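Below are the chains, spelled out letter by letter.
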Amino acid sequence: MPRWLRAALLLGGLALLGFGLSGLLADSYITAPLDVLVWAVGAVILHDGLWVPLLCLVGARYARGPVLRAWLVVAAAVTAVGLPAVLRDGTNHGNSTVLPLPYGRNLLLVLAATAGVALLVAFVRRWRTQGISLRRRRPADRS
């Protein structure tokens, strides 16, 4: 990666971080910004200390090929985000507007759609590396 691109990405990330922190500290609805910062630090520690190493170990041990590894990371992230809604499905405590959708089915649909995209990417990668051409080959000139 070119050095200028790294610098641009670093500056963009720092700008977004500064924007988020200024919003956190200036928002009148947030009454305890220190608690939010403690939660965010805990989330980063959990993510970088447990989640990512676990995914890397499982991917390195069981997944063959970059496309499958990438799909496993996507599937794990989608499942981590969607699992709380799936587990709470049907527990609306008398309020039908709380969790009104079929989250289990929707999670499976998202996983199936991402698996389909991964299969398509794997097919295109294999097609390109094997040099398969869909064009008709002309017969050799016999003259």
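Residues numbered from 1 in each chain as written. Predicted model: local features only at pLDDT ≥ 70, side-chain atom pairs only at ≥ 80, totals over all residues. Heavy atoms only, no water.

Draft legend 1. Region of interest: the overall build of the chain. Of regular secondary structure, the chain possesses 4 helices and 0 strands. Relative to its full complement of 143 residues, the chain shows a buried share of 8%. For the chain, the proportion of contacts with a sequence separation of at least 24, taken over those separated by at least 6, is 40%. Accessible surface, the chain: about 12,200 Å² in total, of which carbon and sulfur atoms supply 69%. (Helix = DSSP H or I, 4+ residues; strand = E, 2+ residues; numbered from the N terminus. Buried < 20%, exposed > 50% of the residue type's maximum accessible area, 1.4 Å probe, protein only. Contact = heavy atoms within 4.5 Å. Areas by Shrake-Rupley, 256 points an atom, 1.4 Å probe, with all protein chains shown as cover.)

Draft legend 2. Main features of the layout of surface pockets. Put simply, the largest pocket is a space of about 180 Å³. Taken together, His 47, Trp 51, Val 52, Leu 55, Cys 56, Val 58, Gly 59, Arg 69, Leu 72, Val 73, Ala 76 and Ala 77 make up the full set of residues lining the largest pocket. Counting residues per element, the ones that place at least two in the lining of the largest pocket are helix H2 (33–62) and helix H3 (66–87). Top element by residues in the lining of the largest pocket is H2. It accounts for 7 residues. Looking at the lining of the largest pocket residue by residue, the class counts come to 9 nonpolar, 2 polar and 1 charged. (1 Å grid on protein atoms, 1.4 Å probe; cavity = no way out; pocket = protein on both sides within 12 Å on 5 of 7 lines; lining within 4 Å. Points joined across faces, edges and corners; volume = space filled by probe spheres on them. Nonpolar A, V, L, I, M, F, W, Y, C, P; charged D, E, K, R; others polar.)

Draft legend 3. A look at the packing of H3 against helix H4 (residues 103–130). Between H3 and H4, the least distance of the axes is 10 Å, while the angle of their chain directions is 170°. By the angle between their directions, the pair H3 and H4 is classed as roughly antiparallel. Between H3 and H4, the residues in contact are Pro 66, Val 67, Trp 71, Val 74, Ala 75, Val 78, Thr 79, Ala 85 and Val 86 and Tyr 103, Gly 104, Leu 107, Val 110, Leu 111, Thr 114, Ala 115, Ala 118, Val 121, Ala 122 and Arg 125, respectively. For the contact of H3 with H4, the residue count by class is 16 nonpolar, 3 polar and 1 charged. (Axes fitted to C-alpha atoms, helices over the stretch in contact; angles between N-to-C directions. Parallel < 35°, antiparallel > 145°, perpendicular 65-115°, else oblique.)

Draft legend 4. Main features of H2. Between its first and last C-alpha atoms H2 spans 41 Å; for 30 residues at 1.5 Å apiece the expected length is 44 Å, and the two agree. The largest bend along H2 measures about 35° and falls at His 47. (Expected span 1.5 Å × (residues − 1). Bend = angle between axes of the 7 residues up to and from the residue.)

Draft legend 5. Spatial organisation of H4. Counted at 1.5 Å a residue, the expected span for H4 with its 28 residues is 40 Å, and the 40 Å between its end C-alpha atoms agrees. Three or more residues of H4 are buried, namely Leu 107, Leu 111 and Ala 118. Turning to H4, the residues buried within the fold contact H3. Backbone geometry just downstream of H4 places Gly 131 in the positive-phi region, at approximately 70°.

Draft legend 6. Summary view of a nonpolar patch on the surface. Nonpolar side chains collect at one region of the surface, where Leu 10, Leu 11, Leu 14, Leu 17, Leu 21, Leu 34, Leu 37 and Val 38 lie side by side and expose about 770 Å² of accessible area between them. With 5 residues, helix H1 (residues 3–26) is the largest single contributor of residues to the nonpolar patch. Looking at where Leu 10 falls in the secondary structure, it is placed in helix H1. With relative accessibility at 52%, the residue Leu 10 sits in the exposed group. (Patch = residues over 30% accessible without salt bridge, like charges linked within 9 Å, V, L, I, M, F, W, Y side chains within 5 Å. Salt bridge = Lys/Arg side-chain N within 4 Å of Asp/Glu carboxyl O.)

Draft legend 7. Spatial organisation of the environment of Ala 112. Checked against the element boundaries, Ala 112 lands in helix H4. Among the residues examined, Ala 112 registers a relative accessible area of 49% and is labelled partly exposed. Considered as a pair, Ala 112 and Ala 75 are 37 residues apart in the sequence and their alpha carbons are 9.5 Å apart.

Draft legend 8. Geometry of the environment of Asp 27. Following the sequence through the fold, Asp 27 ends up in the loop between H1 and H2. On the basis of relative accessible area, Asp 27 is assigned to the partly exposed category, the value being 32%. A distance of 3.0 Å separates a polar atom in the side chain of Asp 27 from the backbone nitrogen of Tyr 29. (Polar contact = N/O pair within 3.5 Å; in protein donor to acceptor, adjacent residues only side chain to side chain.)

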